[in-house]
Amino acid sequence: MNPVRVVEGRAVPLERSDVDTDQIIPSEWLKRVERTGFGRGLFSEWRDDPDFVLNQPAYAGATILVAQARFGTGSSREHAVWALMDYGFTAVVASSFGDIFANNAASQGLVTVTLPADALEELTRLVKADPSRLVVVDVERLLVEVPDATWQHPFTLNALTRERLLHGWDTIGLTLRHDDEIARFESTHWTPRVPTRFAP
Amino acid sequence: MPRTLYEKLFDEHLVASPPDEAPLLYIDLHLIHEVTSPQAFDGLRLASRRVRRPERTLATADHNVPTDPPSTPVSDPISRRQLEALDENCREFGITLFPRGDEHQGIVHVIGPELGATQPGMTIVCGDSHTSTHGAFGALAFGIGTSEVEHVLATQTLPHQRARTMAVTIDGTVPPGVSAKDIVLAIVARLGTGGGAGHVIEYRGQAIRDLSMEGRMTICNMSIEAGARAGLIGVDDTTIDYLREHVIVDADEFARLAARWRTYVSDDDAPFDREVTLRAEDLVPSVTWGTNPAQVVALDGVVPSPQDEPDPAQAEAAARALAYMGLEPGTPMRAVTVDVVFIGSCTNSRLEDLRAAAEVVRGRRVADGVRALVVPGSHAVKRHAESEGLDRVFLDAGFEWREPGCSMCLGMNPDQLRPGQRSASTSNRNFEGRQGRGGRTHLVSPAVAAATALMGRFASPTEVDA
Ligand code: SF4
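Residues numbered from 1 in each chain as written. Chains lettered and ligands numbered in written order. Predicted model: local features only at pLDDT ≥ 70, side-chain atom pairs only at ≥ 80, totals over all residues. Heavy atoms only, no water.

### Side note on the overall build of chain B
Secondary structure summary: chain B contains 15 helices and 19 strands in total. Computed over the C-alpha atoms, the radius of gyration of chain B is 21 Å, within 12% of the 23 Å expected from 2.2 N^0.38 for a compact globule of 466 residues. Taken along its principal axes, the extent of the C-alpha atoms in chain B is 60 × 55 × 45 Å. By the burial criterion, 65% of the 466 residues in chain B qualify as buried. For chain B, contacts bridging at least 24 residues in sequence account for 76% of all contacts bridging at least 6. As displayed, chain B offers around 15400 Å² of accessible surface, 49% of which is attributable to carbon and sulfur atoms. (Helix = DSSP H or I, 4+ residues; strand = E, 2+ residues; numbered from the N terminus. Rg over C-alpha atoms; globule rule 2.2 N^0.38 Å. Buried < 20%, exposed > 50% of the residue type's maximum accessible area, 1.4 Å probe, protein only. Contact = heavy atoms within 4.5 Å. Areas by Shrake-Rupley, 256 points an atom, 1.4 Å probe, with all protein chains shown as cover.)

Printed below as a string of structure tokens:
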């Protein structure tokens, strides 16, 4: 994973709450064995609609998705994160996220920014008023900014997630430094083995 | 200091808690399937890593398998490729796999318990959000993403931020006709889709104690629909009796294990971060009307009006849901007709579920124009049901009796709704397009699904004799 310090670009407002991962990437896309190429499937059930916000030329090339409450709930499919990133998003702003989605995002370097509802509303308003506005998500300083409107709002990020983003750490590599502790744990752990003989 | 069950499980599996890193938990059982694992195995190969504990890993093909007889080839080349990848990966890394057609194959959350692999006191993960199902056994079980699957394969551990605890207590006895599915729909409606976020829920109270293990699995299964990572139910006699049938060990060993398993309960007076109580007497047979599992109404009720929703954002979501579902506020649910009835999924595809549905169906016919299908959760469930003659009951009534798999729960295989079709489904998600593009899903219990198939509209089992 590449380090992420600051994300900047245009933002696109997705004015819907409860966007679950089935909406982000429908199940027909999950048959693929690759990690790439999911951008075409992003929100695919909505993209047939010419009025859907991602189809509006004013928002072309946006890199920040401004969502609402409970973004990414439901299925654990990491494909949702791959689809958002493959499409070109590098950050998602919302008032809350599904737990598994947020974990998946952190593991891939997609920044999830949680803002209180009123700040989110204001950001949405600013972006709608002028879609060409630059929006900045600063992981280092934990700030979302709209410089030309002199608007900014702080956000919190789990300290560990922030470090991981800033350094682009490989979590498996980090864990393997605890190899001795894992081996020691295994030598005394009581749980019986998973059975190898199964009930008929 | 009294501890909750979650805290006991967390403490017992803590491998390391390094400063500035998330606590590292040991994973006892890792279940994998074809959809969320191929990219994880690729990652291992790229980094020249091995699977640390293949003997703690079990694989099955369930999400995209066709539910036709195993002798028919998989017609979709992309699905076939994914199933082959699972075969190859399990062979290369030495993992036990139950492929399509295998006597042990089935939906991952159905086979874990029935093979005796799911045991109290374990940590269990799977690249699937409904892993919470296994919490019914007093095991800490939760869904993970593909990168985490790779992490567990490589290290048999997972960084896990300590969750908050929530007790959901259901006191009293449920009225007749109220099933585990109705109980959990009421819980999800009460908490909302985000109400459980950041929490592990422990279900308690008489109404939970009264449930069989199957019913308890239905409850824990849908914890994720309230946003919770995991659901838990403490071990009691019901748990031990189930395990006696499913874990193959000799009697002495079983007694030793059972004594240990019984410790997986919350201590009396252990404090929870949040407590929610429902009265069993208030619960009724229920059905979802919208596009998320918290949008629930009584089967006797009417389609709600967005105008009654005080929160403007929720009102807008409700209006959008009604437009998608093609429903008018005020319509009695019993007047809503269906095109398809699906009995299956990791929520409701176990023997008890099929028995409940068959009891309603026996000697009757599916309504004209309704496609009704039963997809047993596993080959074991299917064999057992057939030995009781349940397949004949369904087939004689005009149901399809299919091979095990996730099937129409998520519409990855050919079992799908067509645009505009409406289903009564015993699965767990009524999201837009979940069962097929443009499909409209209503979640119900197996008994209500069966009655609905016979009547062609939402109906309770008490109506079918009329
Ligand atoms: S039956 Fe449905 S919810 Fe359960 S594991 Fe399969 S796809 Fe997931």
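### What about the overall build of chain A?
Each helix and strand counted, chain A has seven helices and eight strands in total. Counting only C-alpha atoms and orienting by the principal axes, one finds that chain A spans roughly 65 × 40 × 25 Å. In chain A, which comprises 200 residues, the share counted as buried stands at 60%. Total accessible area on chain A stands at roughly 8300 Å², and carbon and sulfur atoms take up 48% of it.

### Quick notes on the pattern of salt bridges
Considering all chains together, one arrives at 51 salt bridges over all chains under this definition. A salt bridge links A:Asp18 to A:Arg70; its shortest N-O distance comes to 2.7 Å. Taken together, the residues A:Asp18 in the loop between β2 (11–13) and α1 (21–24) and A:Arg70 in the loop between β3 (64–66) and α2 (79–87) connect sequence positions 52 residues apart. The pair formed by A:Asp18 and A:Arg70 is uniform in burial state, with each residue classed as buried. Note that B:Asp68 and B:Arg402 form a salt bridge whose closest N and O atoms lie 2.6 Å from each other. Here B:Asp68, found in the loop between β4 (57–60) and α3 (77–93), pairs with B:Arg402, found in the loop between β17 (400–401) and β18 (422–425); they are 334 residues apart in sequence, far enough to count as distant. Classification of B:Arg402 as buried rests on a relative accessible area of 15%. (Salt bridge = Lys/Arg side-chain N within 4 Å of Asp/Glu carboxyl O.)

### Let's talk about the site of the ligand
Residue and element names in this part refer to chain B. Every residue near the ligand is listed here: His63, Ile107, His109, Asp128, His130, Ser345, Cys346, Cys406, Cys409, Leu410, Asn428 and Arg434. More than half of the atoms of the ligand fall within 2 Å of the grid points belonging to the largest cavity. For the shell around the ligand, a count of residues per class yields five nonpolar, five polar and two charged. (Near = heavy atom within 4 Å. 1 Å grid on protein atoms, 1.4 Å probe; cavity = no way out; pocket = protein on both sides within 12 Å on 5 of 7 lines; lining within 4 Å. Sits in = over half its atoms within 2 Å of the grid points. Nonpolar A, V, L, I, M, F, W, Y, C, P; charged D, E, K, R; others polar.)

### Considering unusual backbone geometry
All names here are of chain B. You will see that Ser48, though not glycine, has its phi angle at about 50 degrees, which is positive. The phi torsion at Ser345 lies on the positive side, around 85 degrees, for a residue other than glycine. Relative to the helices and strands, Ser345 is located in the loop between β15 (340–343) and α12 (351–361). Classification of Ser345 as buried rests on a relative accessible area of 1%.

### What to know about the sheet that holds strand β7 (residues 140–143) of chain B
Residue and element names in this part refer to chain B. Spatially, the five strands line up as an open sheet ordered β5-β4-β3-β6-β7, and their pairing is parallel. Each having just a single partner strand, β5 (96–98) and β7 make up the two edges of the open sheet. Across the sheet, the axes of successive neighbouring strands diverge by a mean angle of 20 degrees, strand direction being ignored. As paired strands, strand β6 (residues 123–126) and β7 are joined by four bridges and run parallel to one another. Paired with Ile124 across the strands is Ala141, a residue of β7. Sheet strands touched by helix α5 (residues 146–155): β3 (29–33), β4 and β6. Its angle to β3, the strand with the most contacts, is close to 130 degrees. (Pairing = 2+ DSSP bridges. Axes fitted to C-alpha atoms, helices over the stretch in contact; angles between N-to-C directions.)

### Digging into the interface of chain B and chain A
Each side of the interface is counted separately: chain B has 86 residues, and chain A has 61 residues. Between chain B and chain A lies a buried interface of about 6000 Å² when both sides are counted; carbon and sulfur atoms form 54% of it. The largest per-residue losses of area from chain B upon contact with chain A belong to B:Gln39, B:Ile248 and B:Arg437, which jointly make up 11% of the total buried on that side. If you list the elements that add at least two residues to the side of chain B that touches chain A, you get β1 (14–16), β2 (24–26), α2 (38–46), α3, α5, β8 (157–159), α10 (251–261) and α11 (312–325) of chain B. (Buried area = accessible area lost by both parts, 1.4 Å probe.)

### What about the pairing of strand β1 (residues 6–9) of chain A?
Residues and elements named next belong to chain A. Burial of the side chains of β1 is restricted to one face: Val7 and Gly9 are buried, whereas none of Val6 and Glu8 on the reverse face is. Where β1 and strand β6 (residues 135–138) come together, four bridges link them in antiparallel fashion. Bridge pairing in β6 links Val7 to Val137.

### Examining the side chain of B:Thr218
All names here are of chain B. Along the chain, the position of Thr218 falls in helix α8 (residues 213–221). Classification of Thr218 as buried rests on a relative accessible area of 1%. Polar side-chain contacts of Thr218 include one of 2.9 Å to the backbone oxygen of Thr347. Look past the residues within four positions of Thr218 in its chain and what remains in contact with it is Ala180, Lys181, Val184, Thr347 and Asn348. (Polar contact = N/O pair within 3.5 Å; in protein donor to acceptor, adjacent residues only side chain to side chain.)

### A few points about the sheet that holds strand β10 (residues 199–204) of chain B
Residues and elements named next belong to chain B. The four strands lie next to each other as β11-β10-β9-β12, forming an open sheet whose pairing is parallel. The open sheet has two edge strands, β11 (230–232) and β12 (274–279), and neither has a second partner. Taking the axes of each pair of neighbouring strands and ignoring which way they run, one obtains an average angle of 20 degrees across the sheet. Together, β9 (164–171), β10 and β11 form the strand contacts of helix α1 (residues 5–12), whose direction differs from that of β11 by roughly 115 degrees.

### Focus on empty space enclosed by the protein
Within the structure shown, the criterion is met by four cavities of 30 Å³ or more. Counted as a void, the largest cavity has a volume near 220 Å³. Considering the residues around the largest cavity, the lining is formed by 21 residues, among which B:His63, B:Asp128, B:His130, B:Leu410 and B:Arg434 are closest to the centre. Per-element tally for the lining of the second largest cavity: the top contributor is helix α6 (residues 171–176) of chain A, with three residues. Per-class residue counts for the lining of the second largest cavity are six nonpolar, three polar and two charged. (Points joined across faces, edges and corners; volume = space filled by probe spheres on them.)

### Looking at the side chain of B:Ser266
Residue and element names in this part refer to chain B. In this fold, Ser266 is placed in the loop between α10 and β12. Overall, Ser266 belongs to the buried group, its relative accessible area being 9%. In this structure the side chain of Ser266 is engaged in a polar contact, spanning 2.7 Å, whose partner is the backbone nitrogen of Leu5. A distance of 2.6 Å separates the side chain of Ser266 from the side chain of Glu202, its partner in a polar contact.

### Quick notes on the nonpolar core
Counting residues in hydrophobic clusters, the biggest one holds 110 residues, and the most contacted among them are A:Phe43, A:Phe71, A:Leu84, A:Phe101, A:Leu115, A:Leu123 and B:Phe399. Looking at this core, the element that brings in the most residues is helix α15 (residues 446–455) of chain B, giving seven residues. Leaving out residues up to four positions away in the same chain, A:Leu84 has contacts with A:Ile24, A:Leu42, A:Phe43, A:Leu65, A:Phe71, A:Phe89, A:Val92, A:Phe101 and A:Leu110. Membership of the second largest hydrophobic core comes to 79 residues, among which are B:Leu5, B:Leu83, B:Leu86 and B:Ile219. (Core = buried A, V, L, I, M, F, W, Y, C linked by side-chain atoms within 4.5 Å.)

### Section: the pairing of β9(B)
Residues and elements named next belong to chain B. Counted residue by residue, β9 has six buried out of eight residues, so it is predominantly covered. Pairing analysis gives six bridges linking β9 to β10, with the strands arranged parallel. Residue pairing in the sheet places Arg164 in a bridge with His199 of β10. The sheet contact formed by β9 and β12 spans six bridges and is parallel.

Keep in mind that these numbers describe shape and distance, not what the molecule does.
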